[in-house]
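# Chains, contacts and geometry: an overview
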Amino acid sequence: MPNLASVVGEIAQRMTARDERGKVASYIPELAKVPIDQFGIAVFTADGETIVAGDAEVPFSIQSISKVFTLTLALGKVGDQLWTRVGREPSGNPFNSIVQLEYEKGKPRNPFINAGAIAVTDVLLAGHEPREVLGEILRFCRFVAEDDSVAIDEHVARSEKQTGFLNTALANYMKAFKVLENPVDHALGVYFHHCSITMSCRQLAMAGRYLAFSGRLPGKDVSVISSERARRINALMLTCGHYDGSGDFAFRVGLPGKSGVGGGILAVAPGEASIAVWSPGLDPHGNSVLGSLALEHLAKAMRWSVFGD
Ligand code: GLN
């Protein structure tokens, strides 16, 4: 097996040298300000080491990667009942698409497209004030990252709210079908804020440990969720984590992964590693160009694909 530290270092060098980087998300004005020429990678391994390279300590907006954490919390709260509110099939549509919602009577295809994540947030809101739920999400992120400096970027949250016309449409649509139980502005307020959580690659790789290691934090006597639940969240990340680019990501990388329009990707090599990559330039599906490429190289070099070596 090749040496992980040299593989990671080499990937960072190769990525940094590339010109083909896609485009920074511009529909959230605050994200459009992020310089494109950045690349970071962090790999947390089974023996408790974190190997980093490039801009691995720079905080970025985790955006839709936060949907993994809200899904974890909602499953903890209502268990399999969640699936009466949200499906678990890939959508084959862009993350902010509304077309399927009409055909499927307001029930979103999966928890990772925007409509699904807003419905998951609504589940977390039951019996709580938005502020309490946001506190719960942030506490969970800090707990799994083992880092109390994980925070919400209020500028990004405000920017999302000001330009969140599509998300507002999705939420209203679901409200009309009674898929949302709480006020639309509560669900959206919490959603915009959890998308605006910032983490560095190092923090995000730490936060993903429970998914890579059967629900547990390796080296510690801490069980975050059951191994069955971790396995299922990983299955959803593999099939739905990159929207209408999920099939291509599985084909090229072969790992469960969740992307965000901030340019981050959290990927899971079960039993081997929790991996975070970040580069703000996106492909047309909203997935990081260099992030996906870096994971493709890493999974190949380390023979980590869940489909075999
Ligand atoms: N906050 C973003 C949105 O709602 C999240 C999208 C993403 O990361 N794919 O549009």
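Structure: see above.
Here is a short report on the structure shown in this document. (Residues numbered from 1 in each chain as written. Predicted model: local features only at pLDDT ≥ 70, side-chain atom pairs only at ≥ 80, totals over all residues. Heavy atoms only, no water.)

### Section: the site of the ligand
Selection rule: One heavy atom suffices: a residue is near a molecule or strand as soon as one of its heavy atoms comes within 4 Å of it. Polar contact is defined as a pair of N or O atoms within 3.5 Å, subject to the rule that within protein one atom must be able to donate a hydrogen and the other to accept it, and that residues adjacent in sequence are counted only when both atoms are side-chain atoms. Under this grouping Gly is polar, as are all residues other than the nonpolar Ala, Val, Leu, Ile, Met, Phe, Trp, Tyr, Cys and Pro and the charged Asp, Glu, Lys and Arg.
Around the ligand, a shell composed of Tyr27, Gln63, Ser64, Phe95, Asn114, Glu160, Asn167, Tyr191, Cys195, Tyr243, Gly260 and Val261 is seen. Contact distances for the ligand include 2.5 Å between an oxygen atom and a side-chain N or O atom of tyrosine 27. Within the side chain of serine 64, an N or O atom sits 2.6 Å from an oxygen atom of the ligand. Taken together, the residues of the shell around the ligand sort by class into six nonpolar, five polar and one charged.

### Observations concerning the pattern of salt bridges
In plain terms, the rule: Salt bridges are identified by distance alone: a Lys or Arg side-chain nitrogen within 4 Å of an Asp or Glu carboxyl oxygen. Here the term buried applies to any residue with accessible area under 20% of the maximum for its type, exposed to any over 50%, and partly exposed to those in between, with areas from a 1.4 Å probe on protein chains only. To qualify as a helix, a DSSP run of H or I must reach at least 4 residues; to qualify as a strand, a run of E must reach at least 2; elements of each kind are numbered from the N terminus.
In this structure the tally under the stated criterion is eleven salt bridges. Between arginine 109 and glutamate 104 there is a salt bridge whose closest N-O contact spans 2.9 Å. Taking relative accessible area as the criterion, arginine 109 reaches 25% and is therefore assigned partly exposed. With its nearest N and O atoms 3.6 Å apart, the salt bridge here joins arginine 252 to aspartate 248. Remark: aspartate 248 and arginine 252 occur in helix H13 (residues 246-252); sequence separation between them is four residues, near one turn of the helix. Judged by its relative accessible area of 30%, arginine 252 falls in the partly exposed class.

### Here we look at the nonpolar core
For the record, the criterion: Here, the term nonpolar core denotes a set of buried Ala, Val, Leu, Ile, Met, Phe, Trp, Tyr and Cys residues that are joined through side-chain atoms within 4.5 Å. Pairs of residues are marked as contacts when any of their non-hydrogen atoms sit within 4.5 Å.
Judged by nonpolar contacts, the single largest core of 70 residues is most densely connected at Phe69, Ile197, Met199 and Tyr210. In contact with isoleucine 197, not counting residues within four places along its chain, are Phe60, Ser61, Ile62, Gln63, Ile137, Leu138, Cys141, Val150, Ala151 and Ile152. In terms of nonpolar packing, the next biggest core, distinct from the first, is built from 28 residues, Leu255, Ala269, Leu295 and Met302 among them.

### As for the pairing of strand S3 (residues 50-54)
The condition is simple: Whether two strands pair depends on DSSP finding at least two bridges between them.
As paired strands, strand S2 (residues 40-45) and S3 are joined by five bridges and run antiparallel to one another. By the bridge assignment, phenylalanine 44 is partnered in S3 with threonine 50. Connecting S2 to the next strand, S3, in antiparallel fashion are four residues, including glycine 48 with a positive phi near 90°.

### Some points on the packing of helix H8 (residues 165-176) against helix H9 (residues 184-195)
Heads up, the rule is: Here an angle of 0 to 180 degrees is reported between the N-to-C directions of two axes, which are lines fitted to C-alpha atoms, with helices fitted over the stretch in contact. Between 65 and 115 degrees an angle is taken as roughly perpendicular, under 35 as roughly parallel, over 145 as roughly antiparallel, and anywhere else as oblique. In this scheme the crossing of two helices becomes right-handed for a clockwise turn of the near helix relative to the far one and left-handed for an anticlockwise turn of less than a right angle.
The N-to-C vectors of H8 and H9 enclose an angle of 140°; their axes lie 10 Å apart at closest approach. One element, H8, and the other, H9, form an angle in the oblique class. When the axes of H8 and H9 are compared, the crossing they make is right-handed. When H8 is examined against H9, the residues Asn167, Thr168, Ala171, Asn172 and Lys175 are found in contact with a partner set consisting of Val184, Leu188, Tyr191 and Phe192. In terms of residue class, the contact of H8 with H9 is built from five nonpolar, three polar and one charged.

### Regarding the sheet that holds strand S6 (residues 197-199)
In any sheet, the strands associate via hydrogen bonds between backbone groups, in a parallel or an antiparallel arrangement. Strands sit in the order S4-S6-S5 across an open sheet of three strands; the sheet is antiparallel. The sheet is open, and its two edges are formed by strand S4 (60-61) and strand S5 (151-152), each paired on a single side. As paired elements, S5 and S6 share two bridges and run antiparallel to each other. Paired with isoleucine 152 across the two strands is isoleucine 197, which belongs to S6.

### A few points about the sheet that holds S3
Spatial strand order, S3-S2-S11-S10-S9: five strands in an open sheet with antiparallel pairing. Every other strand in the sheet has two partners, leaving S3 and strand S9 (257-259) as the edge strands with one partner each. Strand-to-strand twist in this sheet, taken as the mean axis angle between neighbours without regard to direction, amounts to 10°. Sitting on the sheet, helix H14 (residues 289-302) touches S2, strand S10 (264-269) and strand S11 (273-278), and the angle it makes with S11 is about 145°.

### What to know about the packing of helix H5 (residues 114-125) against H9
Across the interface, H5 lies against H9 with an axial gap of 9 Å and an inter-helix angle of 110°. Considering their axes alone, H5 and H9 lie roughly perpendicular with respect to each other. Crossing hand, H5 versus H9: right-handed. In contact with Asn114, Ala117, Ile118, Thr121, Asp122 and Leu125 of H5, H9 contributes His186, Ala187, Leu188, Val190, Tyr191 and His194. Taken together, the residues of the contact of H5 with H9 break down into seven nonpolar, four polar and one charged.

### A look at the pairing of S2
Of all the six residues making up S2, six are buried; the element is thus mostly covered by neighbouring parts of the structure. Residues of S2 alternate between two faces, with Gly40, Ala42 and Phe44 on one and Ile41, Val43 and Thr45 on the opposite face, all of them buried. Note: S2 against S11, six bridges, orientation antiparallel. Following the sheet pairing, valine 43 is matched in S11 by isoleucine 275.

### Brief notes about the side chain of serine 64
Among the secondary structure elements, serine 64 is positioned in the loop between S4 and helix H3 (66-78). According to the relative accessible area criterion, serine 64 is buried, its value standing at 6%. Looking at serine 64, its side chain comes within polar contact range of the side chain of tyrosine 243, at 2.9 Å. Those residues in contact with serine 64, other than ones at most four positions away along the chain, are Asn114, Tyr243, Lys258, Ser259 and Gly260.

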